[in-house]
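These are the residues of each chain, in order.
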Amino acid sequence: TIVSFCLYSALAFSQAGSYVYSFLDLPVSSRIAALGGSNVSLKDNDLSFAFKNPALLTAENDNQISLSMANYLADIKFGTAMYGFNIKKNNYFAVGVQYIDYGKFSERTDVDLEIGEFSAKDMALYIAYARPITSRITVGGTLKPIFSSFERYTSYGFAVDAGVNYTNPEKQFSAGLVLRNIGTQLKGYYSNESGQHLEPLPFDIQAGVTQKLKHAPFRFSLTLHNLQRWNLNYQSTNLEEDQEKEISFVDMAFRHTIWGVEFVPGKNFYLVASYNHRRHNELKMPGFKGSTGFSFGGGLKLYKFQVGFGMSTFQTGNVAYQFSLATSLNQFKL
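All figures in this text were calculated on a predicted structure; none of them were measured in a lab. (Residues numbered from 1 in each chain as written. Predicted model: local features only at pLDDT ≥ 70, side-chain atom pairs only at ≥ 80, totals over all residues. Heavy atoms only, no water.)

A short note on unusual backbone geometry
Link 1 in the chain: Backbone geometry at tyrosine 21 places phi at a positive 60 degrees, although glycine is not the residue there.
Link 2 in the chain: Tracing the sequence through the fold places tyrosine 21 in the loop between helix 1 (2–12) and helix 2 (30–34).
Link 3 in the chain: The class for tyrosine 21 is buried, based on a relative accessible area of 3%.
Link 4 in the chain: Residues other than glycine seldom take positive phi values, yet asparagine 45 does so here, at roughly 60 degrees.
Link 5 in the chain: With relative accessibility at 35%, the residue asparagine 45 sits in the partly exposed group. (Helix = DSSP H or I, 4+ residues; strand = E, 2+ residues; numbered from the N terminus. Buried < 20%, exposed > 50% of the residue type's maximum accessible area, 1.4 Å probe, protein only.)

In structure tokens:
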């Protein structure tokens, strides 16, 4: 049933940018942000990775808390919070929330008379479960109720993530596959003569691999996204360029990739750099040299807390910063 639904979604919703609840694709932690926005293969006992692939939950996530907050573009703020726990042996659970606050807006009449203020917010609840089925393979799933409010317009829906992870500790290799945002909008923002106006969710098939070098403190990751849709082109809103640009086969292939490298000399410190080719090509500004598409970050353990920082460059002068904090309540004997 899931496979049939995914194939239907891939065929029916094939045009880029025509989705609702797009905040679900935002980076969920500073480390994910530094890794280019997504990673579904890295199994490093980091609880926040369960937002992207529930199969990355581990026994070590028991009684862990992960918090993250980002200062996005135009003073938009978003963040996540997650708590992991185990029930008996080999049953890994996590509950979390992802939100975005677009801020306050001035409400005006058609003659520009200010009559008040309104806000806009999106929020999703995560209920994740994972279980190892062999010593190297773990499967997992996430249920995500979603709520959105833009001024007087509200919407709600639900989504499901289904993922699998393969880990070979001897080879220091791991791989992941996840079907994200399988679901539907239950209530649209408005109705028309046909009833509720419902829009598709940002369904995404992602796969990735992570390999650590045997004799050097470097770990490399490759994440493939939007595997259900080859053409990631879109129609420009520029009036002078009101048609889709031709994209070469190689360029289009690379737009499905996110490349990341980590410097990990030990368990208590890491540095990250990544490159998102789609972000680079879609947001770069002609005539300006910059680091659009590149992301950087790092983390270290301070006392009993893991502190992380990530930054993502969208355009020259437009940089998003993200901060994360994680700890295990077991260290406080709670």
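With respect to the nonpolar core
Link 1 in the chain: Tyr21, Phe23, Leu24, Leu57, Met82 and Ile146 are the most contacted members of the largest nonpolar core, which has 34 residues in total.
Link 2 in the chain: For this core, the secondary-structure elements that each account for two or more residues are helix 2, strand 2 (77–86), strand 3 (92–108), strand 4 (114–132) and strand 13 (269–276).
Link 3 in the chain: In terms of residue count, the dominant contributor to this core is strand 4 (four residues).
Link 4 in the chain: In contact with tyrosine 21, other than residues within four places in its own chain, are Ile146, Ser148, Ser155, Tyr156, Gly157, Gln185, Lys187, Tyr189, Leu201 and Pro202. (Core = buried A, V, L, I, M, F, W, Y, C linked by side-chain atoms within 4.5 Å. Contact = heavy atoms within 4.5 Å.)

Considering a nonpolar patch on the surface
Link 1 in the chain: Together, Met69, Val95, Tyr99, Met123, Leu125, Ile127, Leu143, Phe147, Tyr156, Phe158 and Leu186 make up a nonpolar patch on the protein surface, roughly 950 Å² of accessible area in all.
Link 2 in the chain: Within the residue set of the nonpolar patch, elements represented by two or more residues are strand 3, strand 4, strand 5 (137–150) and strand 6 (153–168).
Link 3 in the chain: Counting residues per element, the nonpolar patch draws most heavily on strand 4, at three residues.
Link 4 in the chain: With respect to the helices and strands, the residue leucine 143 is situated in strand 5.
Link 5 in the chain: Taking the relative accessible area as the measure of exposure, leucine 143 reaches 39% and is therefore partly exposed. (Patch = residues over 30% accessible without salt bridge, like charges linked within 9 Å, V, L, I, M, F, W, Y side chains within 5 Å. Areas by Shrake-Rupley, 256 points an atom, 1.4 Å probe, with all protein chains shown as cover. Salt bridge = Lys/Arg side-chain N within 4 Å of Asp/Glu carboxyl O.)

Concerning the packing of aromatic side chains
Link 1 in the chain: In this structure the tally under the stated criterion is 17 aromatic pairs.
Link 2 in the chain: Centre to centre, the rings of phenylalanine 51 and tyrosine 126 are 4.8 Å apart; their planes meet at 75 degrees, and the pair counts as edge-to-face. Placement of phenylalanine 51 in the loop between helix 2 and strand 1 (64–71) and of tyrosine 126 in strand 4 is noted, with a sequence separation of 75 residues between them. Each member of the pair, phenylalanine 51 as well as tyrosine 126, carries the same accessibility label: buried.
Link 3 in the chain: Linked through ring pairs, Tyr83, Phe85, Phe93 and Tyr129 together constitute an aromatic cluster. (Phe/Tyr/Trp six-rings, centres within 6.5 Å; stacked < 30°, edge-to-face > 60°.)

Looking at the pairing of strand 12 (residues 257–266)
Link 1 in the chain: Judged from the seven bridges that link them, strand 11 (residues 218–224) and strand 12 form a sheet pairing that is antiparallel. The residue bridging serine 221 from the neighbouring strand is glycine 260, located in strand 12.
Link 2 in the chain: The pairing of strand 12 with strand 13 spans seven bridges and is antiparallel. Following the sheet pairing, tryptophan 259 is matched in strand 13 by tyrosine 275. (Pairing = 2+ DSSP bridges.)

What to know about the pairing of strand 2
Link 1 in the chain: Two elements, strand 1 and strand 2, share eight bridges in a ladder whose sense is antiparallel. From the neighbouring strand, leucine 67 faces strand 2, where its bridge partner is alanine 81.
Link 2 in the chain: Taking the residues that link successive antiparallel strands as the turn, the strand 1-strand 2 hairpin has five residues, and the phi of alanine 74 there is positive, at about 55 degrees.
Link 3 in the chain: The pairing of strand 2 with strand 3 spans 10 bridges and is classified as antiparallel. From the neighbouring strand, asparagine 86 faces strand 3, where its bridge partner is tyrosine 92.
Link 4 in the chain: A loop of five residues connects strand 2 with strand 3, the two strands running antiparallel in sequence, and lysine 88 in this loop sits at a positive phi of about 60 degrees.

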